[in-house]
Amino acid sequence: MEANSKLHFVSSLDVPRSSNRVILEYVFANHTNYQFWSKVRVVDTEPKTVQDCPVWDNYMWNSINQDDSEFFDMIMKPVAMFENPFLKSPHKLVLCDMWLTLDTPAGINTRVQCVETMERLKHDPVTGHRPTQPHDPWFGIEQEYVVMRDDGKPASYDNNTYDYSSLIIYCSIGHEHDRNVGIERDLSIKHLQACIYAGIYVSGCIRENGPSQWEYQVGPCLGVTVGDHLQMSRYILLRLAEMYGLRVTLKAAPVSGEAFFSGGHLNFSVRKMREKGGIKFIHHAIEVLSKSDPLPLLQLYDQTLEKDNSERLANKSGHWHPRQDDFVVDGENKVFTTIRIPPLVAAEGRGYMEDRRPPSSVDPYAATSGLVRACIFGDFLKPGNEHLKDLSVWDKDASELN
């Protein structure tokens, strides 16, 4: 694989400012919600908040089908602003979502529904319930990705030598499998640095188990914010990969038929889960999930046309991913586990739960909204389990739960 390992973190020259004019790079996901576009405009003063960034227009498909008849002239509304690690401050990266009109969200705009769900945690219009304490939903997303060659295979992929159904290279250093890991590792660390500079709440990165597979974590973030931070972190990753002459894929099945996959594990908690005795509330949320129809939530987890997550969840030979038709709760073992309670959470008796079903291509807004609807409101409960929709349980003390 040819790649220039000497490319620097910032591609542009350090040009001294001669005026107060500021470059705004508008970033927006296309109809897939995990691939990105951008366009640049110059403004006369530095915006102090995202509300200072003007709305703009752009063409985009109105659904994932990418039909020509659905390619519309839309309005981009800025929703989050970050420092620009490529041009440096005061220049900004501006995340936008898509609207058909100023008052009508585009069909691909899942952020709007996510905001509505997070507001529902404050006051549920269906039941009229208002929690005695704010839920303060926290989310973390573990974003896996694979560095690819021009032929569409991972940069270090060698199926003639290695059996990827049994090979374990997770977090390894100097493994005999390594071919291009040096430049991949540099990309991973530079991405972490760039996100920190931008103000994105990244919390770490690791080498994952598949060939040329890496992971970084975003969060914990409050409510819809995790989607904003994940989307901009993805954009920065793809921009950096361009500078290295590399390609990165967020596809859940990067090599069809091979027994490794990329996930976007979703970590979740509300205030009651994080307080003393919160493990009881975690188990309650898991019980609601276990009594729910999984398909509506899985559809929110994977809204791509390719449905790669179905291949991932149907595979029974790969490492550390759940099965579509089984609901397995475990804290120690990651193999085929649906919902995981991490060992430290179990030891402390409070914290968060991890849903391992979302794919690496997950739409963070649809996924976080769906998980709240599923395990707090019980929107997907199977018949006969209506008693689990009782929201008053979240007002109780942990000692009152079985």
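For the structure, see preceding data.
None of the values given here were measured: they were computed from a predicted structure.

A. A look at the nonpolar core. Met-232, Ile-236, Phe-268, Met-273, Ile-376 and Trp-394 are the most contacted members of the largest nonpolar core, which totals 80 residues. Per element, the largest residue contribution to this core is 10 residues, and it comes from helix α3 (residues 225–244). The contact partners of Ile-376, leaving out residues within four places of it in the chain, are Leu-121, Phe-268, Val-270, Leu-371, Leu-391 and Trp-394. In terms of nonpolar packing, the next biggest core, distinct from the first, is built from 15 residues, Tyr-26, Val-43, Val-94 and Cys-96 among them.

B. How the structure looks around helix α9 (residues 364–375). The end-to-end C-alpha distance of α9 is 17 Å, a good match for the 16 Å that 12 residues give at a rise of 1.5 Å each. The buried fraction of α9 is high, at 11 of 12 residues. Among all positions of α9, only Pro-364, Tyr-365, Ala-366, Ala-367, Thr-368, Ser-369, Gly-370, Leu-371, Val-372, Ala-374 and Cys-375 are buried. Measuring from the backbone nitrogen of Tyr-365 back to the side-chain oxygen at the start of α9 gives 3.0 Å, which picks out Asp-363 as the cap.

C. Examining the packing of helix α1 (residues 111–120) against α9 more closely. Two elements in contact, α1 and α9, have axes whose closest approach is 8 Å; the angle formed by their N-to-C orientations is 30°. With respect to each other, α1 and α9 are oriented roughly parallel. Along this stretch, α1 crosses α9, giving a crossing that reads as left-handed. Packed against α1, whose contacting residues are Arg-111, Gln-113, Cys-114, Thr-117, Met-118 and Arg-120, the element α9 presents Tyr-365, Thr-368, Ser-369, Val-372 and Arg-373 at the interface. Its residues assigned to classes, the contact of α1 with α9 comprises four nonpolar, four polar and three charged.

D. Fine view of the pattern of salt bridges. Following the criterion strictly, the structure yields 18 salt bridges and no others. Two residues, Glu-354 and Arg-340, come together in a salt bridge whose shortest N-O distance is 3.3 Å. Separated by 14 residues along the polypeptide, Glu-354 in strand β13 (residues 353–355) and Arg-340 in strand β12 (residues 339–340) bring together distant segments of the chain. Judged by its relative accessible area of 12%, Arg-340 falls in the buried class. Each of Arg-120, Asp-124, Arg-373 and Asp-379 takes part in one network of salt bridges that share partners.

E. Main features of the environment of Ser-156. Here Ser-156 lies in the loop between β6 (138–148) and α2 (181–198). Ser-156 sits 54 residues away from Gly-210 along the chain, and the two C-alpha atoms are 9.3 Å apart. Discounting chain neighbours no more than four positions away, the residues touching Ser-156 are Tyr-164, His-177, Arg-179, Asn-180, Val-181, Glu-184, Pro-211 and Ser-212.

F. Region of interest: unusual backbone geometry. Note that the residue after Ser-89, namely Pro-90, is joined by a cis bond; omega there is 15°. Along the chain, Pro-90 falls in the loop between β4 (71–83) and β5 (92–99). In this chain, Gly-219 is followed by Pro-220 through a cis amide linkage whose omega measures 0°. Mapping Pro-220 onto the fold places it in strand β8 (residues 213–222). Here Gln-66, not a glycine, exhibits a phi torsion of approximately 60°, which is positive. The topology assignment puts Gln-66 in the loop between β3 (56–61) and β4.

G. The arrangement of the pairing of strand β7 (residues 202–207) in detail. Across five bridges, β7 lies against β8 in antiparallel orientation. Pairing of Ile-206 across the sheet is with Glu-215, part of β8. Connecting the antiparallel pair β7 and β8 is a turn made up of five residues, with Ser-212 showing a positive phi of about 60°.

H. Fine view of the sheet that holds β4. The mixed open sheet is built from five strands, whose spatial order is β2-β1-β5-β4-β3. One side of each edge strand has no neighbouring strand; the edge strands of this open sheet are β2 (36–43) and β3. In this sheet, adjacent strand axes meet at a mean angle of 40° when their direction is disregarded. Here β4 pairs with β5 via eight bridges, running antiparallel.

I. Representation of the side chain of Ser-292 in the model. Checked against the element boundaries, Ser-292 lands in the loop between α5 (279–290) and α6 (294–301). Residue Ser-292 is classed as buried on the basis of its relative accessible area, which comes to 6%. Polar contacts involving the side chain of Ser-292 include one to the main-chain carbonyl oxygen of Val-288, which spans 2.6 Å. The residues contacting Ser-292, other than those within four sequence positions of it, are Ala-374, Phe-380, Leu-381 and Lys-382.

Each value, and the rule that gives it
Residue positions are counted from 1 within each chain, in the order its sequence is given. It should be noted that, the model being predicted, local features are given only for residues of pLDDT at least 70 and side-chain atom pairs only at 80 or more, the latter also being counted only at that level, while totals for whole chains, interfaces and linings use all residues. Hydrogens and waters are ignored; side-chain quantities use all the structure's heavy atoms. Buried Ala, Val, Leu, Ile, Met, Phe, Trp, Tyr and Cys residues that are joined via side-chain atoms within 4.5 Å together make up what is termed a nonpolar core. Note on classification: 1.4 Å probe, protein chains only; a residue is buried when its accessible area is under 20% of the maximum for its type, exposed when over 50%, partly exposed between these limits. A helix here means a DSSP run of H or I that spans at least four residues, while a strand means a run of E at least two residues long, and both kinds are numbered starting from the N terminus. What makes two residues a contact is simply this: any of their non-hydrogen atoms within 4.5 Å. Every helix has an expected span of 1.5 Å times one less than the residues it contains. We call two N or O atoms a polar contact when they sit within 3.5 Å, provided that within protein one can donate a hydrogen and the other can accept it, with sequence-adjacent residues counted only if both atoms are side-chain atoms. For helices, the fitted axis covers only the stretch in contact; all axes are lines through C-alpha atoms, and the angles between them, taken along N-to-C directions, range from 0 to 180 degrees. Angle categories are assigned with fixed cut-offs, so that under 35 degrees is roughly parallel, over 145 is roughly antiparallel, 65 to 115 is roughly perpendicular, and the rest are oblique. Here a crossing is taken to be left-handed if its near helix is turned anticlockwise relative to the far helix by less than a right angle, and right-handed if that turn runs clockwise. For this scheme, ten residues count as nonpolar: Ala, Val, Leu, Ile, Met, Phe, Trp, Tyr, Cys and Pro. Four count as charged, namely Asp, Glu, Lys and Arg, and the remainder, Gly too, count as polar. Each salt bridge in this description consists of a side-chain nitrogen of Lys or Arg and a carboxyl oxygen of Asp or Glu lying within 4 Å of one another. Only strands that DSSP links by at least two bridges are regarded as paired with each other.

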